Each structure stands twice: as C-alpha cells, then as structure tokens.
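Working through the structure, step by step
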Amino acid sequence: MLFPTMPLVVLCGFPCSGKSSRAKELKEHLEKSGRKIHIVGDHILGVDRNDVYADSRKEKDVRGSIRAAVERNLNKEDVVILDSLNYIKGYRYELFCLIKHVQTPHCLIHCVTAPEISCSWNQSREKNEQYSQEIFDALVQRFEFPDSRNRWDNPIFTVQKDDKLPLEQICDALFHRKAPPPNQSTQTQPLSSTNFLHELDKVTKDVVTAILNSQKTSIPGDVLMVPGASERMQLPRILSMSELRRLRQQFISYTKLHPNENISQLANMFVQYLNQSIH
C-alpha cells in the first residue's frame, strides 16, 4: 500500500548513547532497497553543543531549526531520520503533530545506555566534539523517557547498546502502517475570504523583494524598514533569495492553517516570523 509521504524516524536517548551509529545503520539498510535517506540533526547546523545546551533560548532556536529541516525534507520519495537528543516530551509531541499534518507514518527508536557508559563514550570523543561534564549531567537529568502509551512515542523500538537493530520490524512500522489521522488542529481550516490567499501571496512577495533591495545598501546588524509593516526587520546577516523564498513558503503554509482575516496585519506577521526564524 502506498502512502502520500515517506516516513519519519525519530531517535532519542542520552548524549552519546549510540544514536548516530543506529541512524547510520538504518540508513545503510534502507538504501539497499533503493530509498533515499535524509539524516537531520544538530550536526547539520554546525553549532557548539555546549554553548547551545547551556542557554535555553539557543536550545529552543536549534530545536526549531531542526524541526524546520525535518519538515523541508519530508516528501513522497525519501525517508527522514532525525538524529538528535529529542529528550523533551513536548518536542516529540510537536514532531507527532507534524507527521499528522503531512500524513506520514513515523516511529521512535530509543537508544538505551547507562549514564556511566554514555559518559565514557563522551569522554572518548575528540575534545571539540565532547559535551562538558556539567552539560552532560544536566541533559541526563532533564531527559524525559518515552512511553509507548503516548501516541507520539508509539511505535517505539527500545535498543540496548548490545542489541541488534530490529530492521525488519522498523521497516514494517514505517512502510506497512497507515499514517495517523489528522485532527482539527492539523487540518487546513477553510478560508472565508476569497481574497485572502491572493493578498497573502502578494504581501509576502513584496516583503521579500523589499528586503532583497534593502540589503544592497545594508550591512549585518542594520534594521530594515519594510513597506506595509510597522515591524522592523532585524538583519543579522545577508540573506539569500533562496532562503527568503523558503521562509516565505513556510510562512504561507503556516498561515493557511491559522488564517488571519485581518489582511492589514499580514506584513507585520511575516516580518515577525522572519525575525524569529533567522539566526
């Protein structure tokens, strides 16, 4: 049976609990059947993990960036493997809402190790890839264990360090199971204004054009004025056309789910979204 979108695999576990090794093992297995695999995780952002996990706001921003990367890569042909700590129950629920919205199956792989084993694996890494002991201990303490009774943690495959990855069972869960049905919060709501989509497209396109033009005479750190918006655009760095187009499409998708009939606020909403999304 074919499903409209290919699945998402979420790994979770303590720092240095073998998640990346399991992700690589699963990727190699799936590629043998001709599937294309995307592994998404902290590594794609090139961030300093000790700096990020020491600051709750930075950590929240990174989680948002990873979630956006997952959403971008979900399509009809490829499998997405999310290789990150995913230690917060609420974040795993957000990912579950995402897969309900795009209508794709998912599964969770919990890599289980004793804290002392993960700690020794952490200390055996190159210095620039290690968690500091303080950050490591804090992440272990904050870890919210998955529970198969929760819809967002099910189906779950719990894997000890010496276990073989149950590849066939994982594939069965991904490719022979229906996606969870959408609920009201994840379905597109009807728009009462026939002019709304046209204005949404036009306003966001005008904002992107204004930013691209303003960048020609601006430097990182400047505050840009955007026509039609009282909000100001913070410019942390020069933005490419492709990045702005991608963010525009994400905003349009989000706004279709949560339409605002006050068309005059669309420009302000888009500028706020850009300020929150660009780092």
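This text follows the structure it describes.
Just so it is clear, the model here is predicted, and its values are computed rather than measured. (Residues numbered from 1 in each chain as written. Predicted model: local features only at pLDDT ≥ 70, side-chain atom pairs only at ≥ 80, totals over all residues. Heavy atoms only, no water.)

1. Considering the environment of Ser277
By secondary structure assignment, the location of Ser277 is in helix H10 (residues 266-277). Judged by relative accessible area, which is 27%, Ser277 ranks as partly exposed. With 30 residues separating them in the primary sequence, Ser277 and Leu247 have C-alpha atoms 7.9 Å apart. (Helix = DSSP H or I, 4+ residues; strand = E, 2+ residues; numbered from the N terminus. Buried < 20%, exposed > 50% of the residue type's maximum accessible area, 1.4 Å probe, protein only.)

2. A short note on the packing of aromatic side chains
This structure, assessed with the given rule, holds seven aromatic pairs. Note on Phe14 and Phe145: the rings are 5.9 Å apart at their centroids and 75° apart in plane angle, and the pair reads as edge-to-face. Taken as a pair, Phe14 in the loop between strand E1 (8-13) and helix H1 (19-31) and Phe145 in the loop between helix H6 (133-142) and strand E5 (156-160) lie far apart in primary sequence, 131 residues in all. Overall, the relative accessible area of 8% leaves Phe14 in the buried class. (Phe/Tyr/Trp six-rings, centres within 6.5 Å; stacked < 30°, edge-to-face > 60°.)

3. Regarding the environment of Lys19
Note on placement: Lys19 falls in helix H1. For Lys19, a relative accessible area of 7% puts it in the buried group. Between the alpha carbons of Lys19 and Ser218 there is a distance of 43 Å; along the sequence they are 199 residues apart. Here the side chain of Lys19 touches Ser17 through a polar contact of 3.5 Å, side chain to side chain. (Polar contact = N/O pair within 3.5 Å; in protein donor to acceptor, adjacent residues only side chain to side chain.)

4. Notes on the nonpolar core
With 31 residues, the main nonpolar core has Leu8, Val40, Val70, Leu82, Tyr131 and Leu139 as its most contacted residues. When contributions to this core are tallied by element, the ones reaching two or more residues are E1, helix H2 (49-53), helix H3 (56-73), strand E3 (79-83), helix H4 (89-102) and H6. Top element by residues in this core is H4. It accounts for five residues. If we skip the residues at most four places from it in the chain, Leu82 touches Leu8, Val9, Val10, Leu11, Val40, Ile66, Val70 and Leu95. Within the second largest apolar cluster, 23 residues are counted, among which are Leu224, Leu239, Leu244 and Val271. (Core = buried A, V, L, I, M, F, W, Y, C linked by side-chain atoms within 4.5 Å. Contact = heavy atoms within 4.5 Å.)

5. Examining the pairing of E5
Only one face of E5 is covered, namely the face carrying Phe157 and Val159; the face carrying Ile156, Thr158 and Gln160 is uncovered. Where strand E4 (residues 106-112) and E5 come together, five bridges link them in parallel fashion. Bridge pairing in E5 places Ile109 opposite Phe157. (Pairing = 2+ DSSP bridges.)

6. Some points on unusual backbone geometry
Here the amide bond leading from Asn154 into Pro155 is cis, since omega sits at 5°, within 30 degrees of zero. Mapping Pro155 onto the fold places it in the loop between H6 and E5. One non-glycine residue, Cys16, lies in the positive phi region at around 60°. Looking at the secondary structure, you find Cys16 in the loop between E1 and H1.

7. Details of H10
Think of an α-helix as turning once every 3.6 residues; residues three or four places apart then point the same way. Taking 1.5 Å of rise per residue, 12 residues should cover 16 Å, and H10 covers 16 Å from first to last C-alpha, within 8% of that figure. Those residues of H10 that fall on the buried side of the exposure criterion are Leu266, Ala267, Asn268, Phe270, Val271, Tyr273 and Leu274. (Expected span 1.5 Å × (residues − 1).)

8. Comments concerning the packing of helix H8 (residues 196-215) against H10
At a minimum axis distance of 9 Å, the contact between H8 and H10 shows a crossing angle of 55°. As judged from the angle between their axes, H8 and H10 are oblique. In this structure, H8 meets H10 at a crossing whose hand is right-handed. Only Leu266, Ala267, Phe270, Val271 and Leu274 of H10 make contact with H8, whose side of the interface consists of Phe196, Glu199, Leu200, Val203, Thr204, Val207, Val208 and Ile211. Its residues assigned to classes, the contact of H8 with H10 shows 11 nonpolar, one polar and one charged. (Axes fitted to C-alpha atoms, helices over the stretch in contact; angles between N-to-C directions. Parallel < 35°, antiparallel > 145°, perpendicular 65-115°, else oblique. Left-handed = near helix turned anticlockwise from the far one by under 90°. Nonpolar A, V, L, I, M, F, W, Y, C, P; charged D, E, K, R; others polar.)

9. Some thoughts on the pattern of salt bridges
Summed over the entire model, instances satisfying the criterion amount to 15 salt bridges. In this structure, Lys58 engages Asp51 in a salt bridge whose closest nitrogen and oxygen atoms are separated by 3.0 Å. Here Arg142 and Glu59 are joined by a salt bridge, their closest N and O atoms 3.6 Å apart. Residue Arg142 is found in helix H6, and its partner Glu59 is found in helix H3; the two are separated by 83 residues along the sequence. (Salt bridge = Lys/Arg side-chain N within 4 Å of Asp/Glu carboxyl O.)

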